[in-house]
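Per-entry structural report
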Amino acid sequence: MKAGQKLRIVLYTFLGLSCLYLFYLSCVWDYRLLVAREHVRFRQEMPTMDSWINSPFGKLKSYLFNVTNAAEFESGIDKRLKVDQIGPITYKIVGFNDILSRNENNVTYRKNRYRHVKFLPEESVAPDVLNWTIVSPNNVLLGAAAKFKHVAPFSVLGFDAITRFEDLFITGSVYYFLWEFTRPSLQLVSNLLPFALSANCGPLHNALKDKEEVYTVNIGPEQGIENFFRIQSLNGQQIIKEQLPRSEQWSDEACPYNVSGAHDNSLFPPFLQPDTPLNVVAIESCRVLPLVYQRPERYAGLDTYRYLLLQPGQEPPRCMDTTYGIKLHQGMFDVSKCVINDAPSAFSAPHFYGSSYNWSEHYEGFNPNAEEHEPFILMEPTTGIPVNEKYRFQSNIPMPNLASYSRRLKKFSNMLLPTFWYEFEMGELPDFVLWLMWFNVKVLPHVQAPCMALLLLLALWSALKVIRVAWGDLSYVDLYRKICGRGSTNACLETVFPTTDRHLTQCGQDSDEAVK
């Protein structure tokens, strides 16, 4: 046997054995599971890594409320505030995730949510909206009144005297209310106690500040695919820092302050089911939010699950159902430990959607509806990757009964004052990420059977090729004859001469008789 023949036999044998081995693996493993195992390894070389590193990305849309009857309300002519919504005021947001350390089982990274913030005039309600002039209640004054009513009830007289020159309503630009909102009295106190109070109460000024967010999360199949990207710790702790005082009074079941097992809202485990328990860390409200499965929904050619971040009529956690002694309505929760100066504050859905608060008793102009105001996430369940998100919340100041205050403040008794609301709209995923998701969901489940058939045929072809080469490059016809035992090539030939009495039969010999 020549050296060339031996080499070909080795190559074909290797090919056949490889195909048989892959066929065996295909019988044992689901291709989608193999892809998922590689996905949860969270390798630096993964094609989706760049998209995750430069996240979150999308648009932050802010909305304010312009009071159109401030004078009539203050004079007592009108009993309800009339408000017009101003917005959206749109900003482009690009974040960044900086990997600090990693091993086979976990990765530690620092999340910078607001690396780039850019105003988008063309996607706002008007290019010059930041210069628009609006009228708003003096939320600094009213928030202070609500706070002191609870923490220092005997200071009412002194409070009225100190704040008598503060306007009940303020006129200013949209930019002022979003980014530079302060008052002379607050500025004075802040100068005296710079470590106790912040003078600037602009919601975007404070919301978009850099916050320390260092996460350690599970990765790798050894931790269990179902535990992929579940949080081990946030800033080295399992308790959200602002909620540490509450952790001494409330259990994990009563107060959502423990981040263990939650997610950072960027990646989730593959193969989600509607009943898979999912929670996200809402860093802006210093709590863990449960994701509540709502329904399946079609998006960008993919079948997704729609999860709500806040259900209509949802009861607040027991540790977050009051704000400075004020019992909160359904569909909202306390965030006073998480906002500037520990001011009285509660989050709800925009326009009080899904809340039990009877806003029409105090306001005209709201239009709560699910399409515009329901906060949700769309998740592709096979990969566990969010494909769309509209993170919507409204910040409110709960007001107590102000009967003990001056007449002008009494008008705001038992109201919920909306300061602003925002929507973070997740940006479109890159095309290659969407294509990989589509291939994983739509193609991969249907290619396993054809691939197995092809592997089996290749293994059979390789075996036949080895035999043909070993027997001297036989053709398939010769190989068939050789294997089936038909090696004789003798033929019988009969020649007939019609003009004579005899004929010759040849089949290796002549016949004895020709014709009788």
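Starting from 1, residues in each chain are numbered consecutively following that chain's sequence as written. A pLDDT threshold of at least 70 governs which residues receive local features in this predicted model, and a stricter bar of 80 or more applies before side-chain atom pairs are shown or counted, although totals over entire chains, interfaces and linings include all residues. Note that water and hydrogens are dropped before the side-chain values are worked out from all heavy atoms of the structure.

Brief notes about the overall build of the protein
Inclusion rule: Each helix is a run of DSSP H or I of at least 4 residues and each strand a run of E of at least 2, with the numbering of both proceeding from the N terminus. Both definitions apply: the radius of gyration is a C-alpha atom measure, and the globule rule equals 2.2 Å times residues to the power 0.38. Accessible area is worked out with a 1.4 Å probe on protein chains only. A residue is then buried under 20% of its type maximum, exposed over 50%, and partly exposed in between. Residues count as neighbours in contact if any of their non-hydrogen atoms are within 4.5 Å of one another. Where accessible areas are quoted, they stem from the Shrake-Rupley method and a 1.4 Å probe; at the residue level, only the protein chains shown are allowed to cover. His is not counted here, nor are the chain ends, while Lys and Arg score as positive and Asp and Glu score as negative. Note that the charge is assigned to NZ on lysines, CZ on arginines, CG on aspartates and CD on glutamates.
Of regular secondary structure, the protein possesses 14 helices and 21 strands. For the protein, whose C-alpha radius of gyration is 37 Å, the value lies well above the compact-globule estimate of 24 Å for 516 residues. With respect to the three principal axes, the spread of C-alpha positions in the protein is 150 × 50 × 40 Å. Out of the 516 residues in the protein, the part that is buried amounts to 47%. At a minimum sequence separation of 6, the contacts of the protein that also span at least 24 residues come to 64%. With an accessible surface of roughly 26300 Å², the protein has 56% of that area assigned to carbon and sulfur atoms. The average position of the 49 basic charges and that of the 53 acidic charges among the side chains of the protein differ by 2 Å.

Digging into the packing of aromatic side chains
Note the threshold: Between the rings of Phe, Tyr and Trp (Trp by its six-membered ring), a pair exists once the centres lie within 6.5 Å; its type follows the angle of the planes, with under 30 degrees stacked, over 60 edge-to-face, and the other angles tilted. Charge-over-ring placement is defined geometrically: NZ (Lys) or CZ (Arg) within 6 Å of the ring centre, and within 35 degrees of the ring normal.
Tallying each qualifying case throughout the model produces 36 aromatic pairs. Judged by centre distance (5.0 Å) and plane angle (85°), the rings of Phe-42 and Trp-52 are edge-to-face. Pair noted here: Phe-42 is in the loop between α2 (31-41) and α3 (49-53) and Trp-52 is in helix α3, with a separation of 10 residues, a long-range link. An aromatic cluster of at least three residues, connected via ring pairs, comprises Phe-42, Trp-52, Tyr-109, Tyr-215, Phe-228 and Phe-229. The side chain of Arg-287 reaches across the aromatic face of Phe-333, ending 4.5 Å from its centre. Its guanidinium or amino end placed over the ring of Phe-376, Arg-306 lies 3.9 Å from that ring's centre, counting from NZ or CZ.

Focus on the side chain of Arg-468
Along the chain, Arg-468 falls in helix α13 (residues 431-470). You can call Arg-468 buried: its relative accessible area is 14%. Residues within four places of Arg-468 in sequence aside, it is in contact with Asp-473, Leu-474, Ser-475, Tyr-476 and Leu-479.

Digging into the state of the cysteines
Convention followed: Disulfides are defined as cysteine sulfur pairs within 2.5 Å.
Here the structure, examined in full by the defined rule, presents 2 disulfides. Across the disulfide from Cys-255 sits Cys-319; the S-S distance is 2.0 Å. Residues Cys-255 and Cys-319 share a disulfide whose torsion about the S-S bond is about 80°; that sign makes it right-handed. Within this pair, whereas Cys-255 is found in the loop between α10 (244-247) and β8 (279-282), its partner Cys-319 is found in the loop between β11 (302-308) and β12 (322-323), the two being separated by 64 residues in sequence. A single burial state applies to Cys-255 and to Cys-319, both of which are buried.

Quick word on the environment of Met-426
Considering the arrangement of structural elements, one finds Met-426 in strand β19 (residues 416-426). Other than its neighbours up to four places away in sequence, Met-426 contacts Phe-57, Gly-58, Pro-386, Val-387, Asn-388 and Glu-389.

Focus on the pairing of β8
As a reminder of what qualifies: Two strands pair under a simple rule: DSSP has to find at least two bridges between them.
Pairing of β8 with strand β9 (residues 287-290), which is carried by 4 bridges, proceeds in the antiparallel orientation. By the bridge assignment, Ala-282 is partnered in β9 with Arg-287. Hairpin connection between β8 and β9: a loop of 4 residues separates the two successive antiparallel strands, and Cys-286 in this loop has a positive phi of roughly 55°.

Some details on the nonpolar core
Rules: In this text, buried Ala, Val, Leu, Ile, Met, Phe, Trp, Tyr and Cys residues form a nonpolar core when linked through side-chain atoms within 4.5 Å.
Phe-42, Phe-229, Val-281, Leu-291 and Phe-393 are the most contacted members of the largest nonpolar core, which totals 82 residues. Residues within four places of Val-281 in sequence aside, it is in contact with Arg-113, Tyr-215, Ile-231, Leu-234, Val-259, Ala-262, His-263, Arg-287 and Val-288. Among the nonpolar cores identified, the runner-up in size contains 34 residues, and Phe-65, Val-135, Ala-346 and Leu-402 belong to it.

Some remarks on the pattern of salt bridges
Side-chain pairs of opposite charge can arise whenever the charged atoms involved come near each other. Operational definition: Criterion for a salt bridge: a side-chain nitrogen of Lys or Arg within 4 Å of a carboxyl oxygen of Asp or Glu.
All chains considered together, the criterion is met by 19 salt bridges. Ionic pairing is found between Glu-213 and Arg-113, a salt bridge with its closest N-O pair at 2.7 Å. Of this pair, Glu-213 sits in the loop between α9 (203-207) and β6 (214-218) while Arg-113 is found in strand β3 (residues 106-119), placing the two residues 100 residues apart along the sequence. Assessed through its relative accessible area of 2%, Glu-213 is described here as buried. Under the relative-accessibility criterion, Arg-113 is labelled buried at 17%. Linked through salt bridges whose partners overlap, the residues forming this network are Lys-61, Arg-392, Glu-423 and Glu-425.

A short note on the environment of Glu-242
Its location among the elements puts Glu-242 in the loop between β7 (231-234) and α10. When neighbours within four sequence positions are excluded, Glu-242 is seen to be in contact with Cys-286 and Lys-337.

A short note on the UniProt feature "transmembrane region" (unreviewed entry) in the protein
The condition that has to hold: UniProt positions are given in the numbering used here, feature names are shortened, and annotations may be inferred rather than shown by experiment.
The UniProt record marks residues 9-31 with the feature "transmembrane region" (unreviewed entry), using the residue numbering of this structure. With 91% helix and 0% strand, the stretch residues 9-31 has end C-alpha atoms that lie 31 Å from each other.

A closer look at the environment of Ile-326
Mapped onto the secondary structure, Ile-326 falls in strand β13 (residues 326-327). Between the C-alpha atom of Ile-326 and that of Gly-236, which follows or precedes it by 90 residues, the distance is 33 Å. Apart from residues lying up to four places away in sequence, Ile-326 is in contact with Asp-321, Pro-398, Met-399 and Pro-400.

Focus on a nonpolar patch on the surface
Condition: The patches reported here contain residues having more than 30% relative accessible area and no salt bridge. Joining distances are 9 Å for like charges and 5 Å for nonpolar side chains (Val, Leu, Ile, Met, Phe, Trp, Tyr).
A grouping of Tyr-21, Leu-22, Tyr-24, Val-28, Trp-29 and Leu-34 is seen on the molecular surface, where their side chains present a nonpolar patch of about 600 Å² in accessible area. Per-element tally for the nonpolar patch: the top contributor is helix α1 (residues 3-28), with 4 residues. The residue Val-28 is located in helix α1 in this model.

Describing the pairing of strand β18 (residues 385-398)
Remember that side chains alternate between the two faces of the sheet whenever the strand is regular. With respect to burial, β18 is a largely interior element, 13 of its 14 residues being buried. Note: strand β17 (residues 376-380) against β18, 5 bridges, orientation antiparallel. Following the sheet pairing, Phe-376 is matched in β18 by Lys-390. Hairpin geometry of β17 and β18 is characterised by an intervening segment of 4 residues between the two adjacent antiparallel strands and by a positive phi of about 75° at Gly-384. Bridge count for β18 against β19 is 9 bridges, and the pairing is antiparallel. Bridge assignment links Phe-393 to a residue of β19, and that residue is Tyr-422.

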